Amino acid sequence: MKKQNENGRISEDRLSRANKRKKNNTLASILVMTGCLLVLVLVTYVAGILYSWIDSKFQDNANDLAAAAEAGGQTESAAEAAKTYTQEEVDALIAEAKQQAEDEEENKILSGIRDGLTSGTTMVETLRPYYPDELVVVSNGTFNFVPIRDDLQKNDYVLENLNILEDGEVQYMQDGQVVSHKGIDVSKHQGNIDWTKVAADGVEFAFIRVGLRGYGTEGKLVEDEYFEQNIKGALQAGIKVGVYFYSQAITDAELLEEANLVLEKIKPYNVELPIVYDVEKVSGGKGRANDLSVEERTRLTALFCQTVQDAGYKPMIYHNMEMATLMLDLGQLEQYDKWFAYYNDDLYYPYAYKVWQYSEKGAVDGINEEVDLNIWFGDF
């Protein structure tokens, strides 16, 4: 029985080991199949990625080839459309364009000149807009183009502020108010003046001539025969007065003789406004001072002003465009106030001045003859 039992246990052990081997083999098979399946899935995924990458690369290459083909076509078209020029041809084209521009500008200028002249303006007035950095001045029949000086004081008058009345009177406005003063200058040529009527016509100031020096070689001093009558009448009417002297001095001695005559004549009167040195060229070549150099004329003008100032009065210089640009050095006369004669209303003159004589053919109540009209800018 014992042997049988042992044999039986041995058989059971063998059977048990066999079953274990069988189970192990089955598990191994399952693991192998699972591994193969995973490998298959992985290989399929990698293959998909690789396919997508190859496809995108192929598409990029195709696009690059298409773009290159298109660019090549455009380059070829541009090359076909391009033109080439030799240096001589380029120079000729530039010269043609330049000539065309010059012709257009010339036609524009000629048209402007024609329009200006046909509208009634003078040649000098027509030319001035084309030379903004120069003053166009006529002297002795010659057109002069004088550069505007940067070193001289400029006025700040604005054309739009001028108010021209129906009778030709000029006013200067600011903020809707008249800020200028109405004035005249007179001599024996106006004859007897009713100064009460002059004042009633709005005249606030007057420059009255004291005298003059003759044009001829002798250069005799001449007192204005209406001076006393005019200065008394103006002061009695409440009009502020200044005086002027028409000079033809060619030496220091003659100049001092003129200044001293003026100072002597005005002693009895309340002269609040300036004493004016009237320096201008005599037309027709008859003036004895016409041939003075710029330096000589400037020195005599300064001497008169300094003499007047030393006597306690305010000096002023009367001048016009020709004197200002061609016959005086205003740089040496900057410290003295200016009275400027100019009979257009365009405010063309750029330099500083306090009084503007804008007309020599004015009409004022109380004066039977034509009279010079002036405005004083700002306060007296």
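The structure we're discussing is the one just above.
For every chain, the first residue of the written sequence is number 1, and numbering continues from 1 along that sequence. Whole-chain, interface and lining totals are the exception, using all residues; otherwise, since this is a predicted model, local features are given only for residues with pLDDT of at least 70 and side-chain atom pairs are given and counted only at 80 or more. Only hydrogens and water are set aside when side-chain values are computed; all heavy atoms of the structure are taken into account.

Draft legend 1. View of the pairing of strand E10 (residues 275-278). Partly exposed describes any residue whose relative accessible area lies between the buried limit of under 20% and the exposed limit of over 50%, with all areas from a 1.4 Å probe on protein chains only and scaled to the type maximum. A run of DSSP states H or I qualifies as a helix once it reaches four residues; a run of E qualifies as a strand once it reaches two. Both are numbered from the N-terminal end. By the alternation rule, side chains of E10 split into Ile275 and Tyr277 and Val276 and Asp278, which are all buried. Each pair of strands is called paired provided DSSP finds at least two bridges between the two strands. As judged from the four bridges shared by strand E9 (residues 240-246) and E10, these two strands associate in the parallel manner. By the bridge assignment, Phe245 is partnered in E10 with Tyr277. One crossover worth recording links E9 to the parallel E10 by way of helix H6 (residues 252-266), and it is right-handed. Pairing geometry for E10 and strand E11 (residues 315-320), over four bridges, is parallel. For Ile275, the partnering residue across the bridge sits in E11 and is Pro315. When the strands point away from the viewer and the connection leading from the first strand across the helix to the second strand turns clockwise, the crossover is called right-handed. A crossover links E10 with its parallel partner E11, the connecting element being helix H7 (residues 294-310), and its sense is right-handed.

Draft legend 2. Broad picture of the environment of Asp115. As for its placement among the helices and strands, Asp115 is situated in helix H2 (residues 87-118). As a C-alpha pair, Asp115 and Thr126 span 11 residues in sequence and 8.8 Å in three-dimensional space.

Draft legend 3. Highlighting the sheet that holds strand E5 (residues 177-178). With antiparallel pairing, the three strands of this open sheet are ordered in space as E3-E4-E5. What marks the edges here is a single partner per strand, and that holds for strand E3 (162-164) and E5. As judged from the three bridges shared by E3 and strand E4 (residues 170-174), these two strands associate in the antiparallel manner. Its bridge partner being in E4, Leu162 is matched across the sheet by Tyr172.

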